[in-house]
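Single-letter residue listing:
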Amino acid sequence: MTRAESANPVYEFVGSAHLFSSALTEVLQVGLLRQVGGMQLSISQLKLLQLLSVAETQTIGDLAAFLGVSGAAASKMVDKLVQRGWLSRVVGATDRRAAHVSLTLKSRRLLADYDQKRREKLAKVFRGCPARELRKVAKLMDRITAAIVNHSAKPEEICLHCGIYFRGKCLVRDLGGRSCLYQQRSQLSKRERIPSRAR
């Protein structure tokens, strides 16, 4: 990095954002997951479990859209999690691809422990930070995140997993002025599950 770049507030902000993101992933997510006994789980698998804790049950297609992977990759991940007792799968009566996936008691307990440890850790980390200042920084980060998504080649295909990160709504939809891929896929999947007579 040149001296001019290091003095530029944009590069300074982006550098800080990368460090923040790494600390969240490596210290908070990975570290806490190990503490609660989830050593067998990857961060992607944890995200999938977190999605199911919010959405209750999903099809393989829904999960693939959420994770941004192919249906085959999502199916392989689900297979591993079913074999290890983290998920249960109910195969559709007429179509195996329409299998519904949900959490088991084992995964619900792990997520409850994980959420408790995360709340405790966050309370300690942010103890000295004024709420007003945190909200101001969060709004700035949201605006920049939406701008980054809007400047990508295919913003409509991006899912930031808003629902599993203390969010009740989709950042891409709210700030970017478009619906996110996961929401689109989820709505389509729900319509497909409704029998034609019920529509």
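Relevant structure appears above.
Residues numbered from 1 in each chain as written. Predicted model: local features only at pLDDT ≥ 70, side-chain atom pairs only at ≥ 80, totals over all residues. Heavy atoms only, no water.

### Things to note about the overall build of the protein
Then, number 1: Helix and strand counts for the protein come out as 9 helices and 3 strands.
Then, number 2: Each helix and strand of the protein, placed in order from N terminus to C terminus, yields the pattern α-α-α-β-α-α-β-β-α-α-α-α.
Then, number 3: Here the protein holds 199 residues, and the buried ones make up 30% of them.
Then, number 4: If you take every contact in the protein between residues at least 6 apart in sequence, the share linking residues at least 24 apart comes to 56%. (Helix = DSSP H or I, 4+ residues; strand = E, 2+ residues; numbered from the N terminus. Buried < 20%, exposed > 50% of the residue type's maximum accessible area, 1.4 Å probe, protein only. Contact = heavy atoms within 4.5 Å.)

### As for the packing of aromatic side chains
Then, number 1: Going through the model one piece at a time under the given rule, you end up with 0 aromatic pairs.
Then, number 2: Here the basic side chain of Lys106 rests over the ring of Trp86, its NZ or CZ set 4.3 Å away from the ring centre. (Phe/Tyr/Trp six-rings, centres within 6.5 Å; stacked < 30°, edge-to-face > 60°. Lys NZ or Arg CZ within 6 Å of the ring centre and 35° of its normal.)

### Examining the pattern of salt bridges
Then, number 1: Tallied over the entire structure, the rule returns 2 salt bridges.
Then, number 2: One salt bridge in this structure joins Arg89 and Asp79, with 2.7 Å as the shortest N-O distance. Taken together, the positions of Arg89 in strand S2 (residues 87-90) and Asp79 in helix H5 (residues 71-83) put the pair 10 residues apart, joining distant regions of the chain.
Then, number 3: By relative accessible area, which is 24% here, Arg89 ends up partly exposed.
Then, number 4: Asp115 serves as the salt-bridge partner of Arg118, at 3.2 Å between the closest nitrogen and oxygen. Separated by 3 residues within a single helix, Arg118 and Asp115 lie in helix H6 (residues 105-125), roughly one turn from each other.
Then, number 5: For Arg118, a relative accessible area of 10% corresponds to the buried category. (Salt bridge = Lys/Arg side-chain N within 4 Å of Asp/Glu carboxyl O.)

### Describing the environment of Ala112
Then, number 1: Mapping Ala112 onto the fold places it in helix H6.
Then, number 2: Taking the C-alpha atoms as reference, Ala112 lies 9.5 Å from Val36; in sequence the two are 76 residues apart.

Remember, this is a structural readout, not a statement about activity or role.
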